[in-house]
Amino acid sequence: MTDILSLNAIDLSNAIAARKISAVDVMKATLARIDTVNPSVNAITSLRDADVLLKEARAADAAPSRGWLHGIPLAVKDLANAAGLATSMGSPIFAGQVAQSDDISIARLRAAGAIVIGKTNTPEFGLGSHSVNPVFGATCNPYDVRYSAGGSSGGAGVALATGMVCIADGSDMMGSLRNPAGWNNVYGMRPSWGLVPSEPRGDMFLHALATNGPMARSPGDLAALLDTMGGADPRQPHGFNAAATYPDIASGAEGMRIGWLGNWGGAYVMEPGILDVCRDALSQMSALGVTTTEMGAPFDRDRLWQSWIDLRSFAVAGNLAPLFRDPDKHGMLKDTAIWETERGLNMSSVDVQRASEARSDWFRTTTQLFEKVDVLALPTAQMWPFDVTLDWPRVVAGETMDTYHRWMEVVIPASLIGLPAVAVPVGFGGPNDLPIGLQLIGPRGSDARLLQLAQAWHELTDWPAQRPPNF
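Everything numeric here is computed off the predicted structure, so don't read it as measured data. (Residues numbered from 1 in each chain as written. Predicted model: local features only at pLDDT ≥ 70, side-chain atom pairs only at ≥ 80, totals over all residues. Heavy atoms only, no water.)

### Brief notes about the packing of aromatic side chains
- In this structure the tally under the stated criterion is 10 aromatic pairs.
- Judged by centre distance (5.4 Å) and plane angle (25°), the ring pair of W264 and Y268 falls under stacked. Per residue, the accessibility class of W264 equals that of Y268, and both read buried.
- Arranged with centres 5.7 Å apart and planes meeting at 65°, the rings of W264 and W362 form a pair that is edge-to-face. (Phe/Tyr/Trp six-rings, centres within 6.5 Å; stacked < 30°, edge-to-face > 60°. Buried < 20%, exposed > 50% of the residue type's maximum accessible area, 1.4 Å probe, protein only.)

### Quick notes on helix α13 (residues 349-372)
- Along its 24 residues, α13 runs 36 Å from first to last C-alpha, staying within 8% of the 34 Å computed at 1.5 Å per residue.
- Taken together, the buried positions of α13 are occupied by V352, A355, A358, R359, W362, T365, T366, L369 and F370.
- Buried residues along α13 sit in contact with β9 (257-260), α10 (301-325), β11 (375-379), α14 (412-415) and β15 (434-441). (Helix = DSSP H or I, 4+ residues; strand = E, 2+ residues; numbered from the N terminus. Expected span 1.5 Å × (residues − 1). Contact = heavy atoms within 4.5 Å.)

### Regarding the pattern of salt bridges
- Under the criterion given, the structure shown has 21 salt bridges.
- A salt bridge links R110 to D102; the nearest nitrogen and oxygen atoms lie 2.8 Å apart.
- Overall, the relative accessible area of 19% leaves R110 in the buried class.
- Through salt bridges with shared partners, one network takes in R301, D302, D402, R406 and E409. (Salt bridge = Lys/Arg side-chain N within 4 Å of Asp/Glu carboxyl O.)

### Quick word on helix α15 (residues 447-461)
- Between its first and last C-alpha, α15 extends 21 Å over 15 residues, near the 21 Å set by a 1.5 Å rise per residue.
- Listed as buried for α15 are D447, L450, L451, Q452, L453, A454, Q455, A456, W457 and H458.
- Once α15 ends, the next one or two residues include D462, with phi positive near 45°.

### Focus: empty space enclosed by the protein
- The final tally for this structure, using the stated rule, is three cavities of 30 Å³ or more.
- Of the voids in this model, the largest cavity is the one considered here, and its volume is about 80 Å³.
- Lining the largest cavity are I4, L5, L7, L12, V26, T30, P73, G163, M164, V165, C166 and R217.
- For the lining of the largest cavity, the secondary structure elements donating two or more residues are α1 (3-6) and α3 (23-41).
- Within the lining of the largest cavity, the residues separate by chemical class into nine nonpolar, two polar and one charged. (1 Å grid on protein atoms, 1.4 Å probe; cavity = no way out; pocket = protein on both sides within 12 Å on 5 of 7 lines; lining within 4 Å. Points joined across faces, edges and corners; volume = space filled by probe spheres on them. Nonpolar A, V, L, I, M, F, W, Y, C, P; charged D, E, K, R; others polar.)

### Some details on the sheet that holds β11
- Strand order in the open sheet formed by eight strands is β6-β8-β7-β14-β15-β11-β9-β10, with mixed pairing between adjacent strands. The sheet is open, and its two edges are formed by β6 (167-172) and β10 (291-294), each paired on a single side. Pairs of neighbouring strands in the sheet enclose a mean axial angle of 30°, with direction left out of account.
- For strand β14 (residues 421-429) and β15, the ladder comprises eight bridges, and the chain directions are antiparallel. Within β15, the position partnered with G427 by the bridge is I436.
- In the packing of α15 onto the sheet, the strands contacted are β7 (187-190), β9, β11, β14 and β15, and the crossing angle to β14 comes to about 25°. (Pairing = 2+ DSSP bridges. Axes fitted to C-alpha atoms, helices over the stretch in contact; angles between N-to-C directions.)

This is the structure:
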């Protein structure tokens with residue numbers, strides 16, 4: 001990797017602003033890197049014409065700075081709209097459909113000066129934590145291309161790990177910013193729900209599960225991206241503004257109390273080695289002035305899971321029902337999308353009410369937990385990266401999975417009630433010595449404090465510096 005592409009976004013931004021590096025230099029290096037690496041990992045799709053991108057880079061060099069991302073290449077997750085680029089969402093139904101405008105968060109990144117170069121790969125409609133779809137195929141883990149890169153922001157995670165980009169946007173319903181961060185040895189953040197706006201269309205009241213958010217190779221870049229993407233949109237009811245997280249990123253973690261939830265009192269099946277790597281990381285964090293307490297299961301696992309799958313299916317059906325009911329499009333949906341939509345359409349109002357009551361009870365439980373600790377910690381996944389040729393893992397540590405997403409159960413405690421969570425890399429392990437991460441989960445609105453803990457951890461370890469050996 002060249003020196004330019006090894007820089008984090010903040011450092012690259014400062015170098016461009018000081019005219020030590022030009023936007024053209026960055027774009028040339030980026031395109032060369034993509035040309036060399038992407039054929040092996042399939043992370044970036046819909047790449048724009050090189051001559052057009054270089055023309056935009058030259059224009060950036062000639063213009064006053066538009067913001068801290070001025071001249072920095074960005075590849076947008078293929079669930080989000082970027083004007084002039086196709087938004088396939090990994091589905092043959094939408095393959096080649098060109099967006100006419102930017103989504104809110106993408107418009108904010110462009111306004112800060114980013115140059116959109118293409119898209120990053122994702123599973124069909126973002127369903128499932130394995131970035132494979134019938135339009136572009138599978139994204140491979142850069143630490144071993146025989147294995148999955150996770151998802152649904154898998155293309156973004158791989159593009160970061162291999163140096164094809166230095167920043168990335170993503171989205172997270174069921175760990176989609178956290179699992180690929182863990183499996184690609186980078187950072188991903190699910191912000192407090194409402195901090196980064198979604199699009200002002202369709203229902204804006206019932207489905208409080210998914211959120212957009214940032215990915216990067218350092219917490220400082222995460223913070224800067226969050227500050228750019230975040231902030232209320234007046235067309236939406238639940239958004240909020242928060243103080244900028246980047247200015248105080250280096251405040252340290254002294255005195256923070258972590259509650260380690262491990263495998264939820266034995267309820268969550270885990271492949272061998274994952275808990276050991278995470279415990280070792282938590283032990284290392286003591287050097288930061290952090291204390292860790294092991295905690296038992298704070299809530300009934302089955303009730304939490306039932307609440308999650310019912311509310312998730314309810315939300316998915318609200319989105320996919322028109323395609324599901326269209327005889328020309330129904331057969332183009334993958335099996336898991338059909339199953340999820342059928343569940344949601346067959347759900348009664350009583351089912352939804354019961355699920356939301358369980359969600360409310362879990363929220364009330366966390367308010368008590370956060371009186372005892374500042375952060376809850378869980379692994380980013382319950383297994384090491386699986387075979388890239390699979391659609392989803394049927395068995396984890398000898399236990400059969402009863403749904404396509406049961407192996408990701410460990411991410412729902414944060415997702416279900418919209419808590420912020422930062423996924424930090426914590427090392428390598430398993431039979432193939434692949435990466436895993438740790439979720440640092442805080443109460444609503446604690447985004448800045450979580451980023452400070454992540455930054456202190458980064459300064460202590462800098463795991464992302466251990467780049468994929470073949471890339």
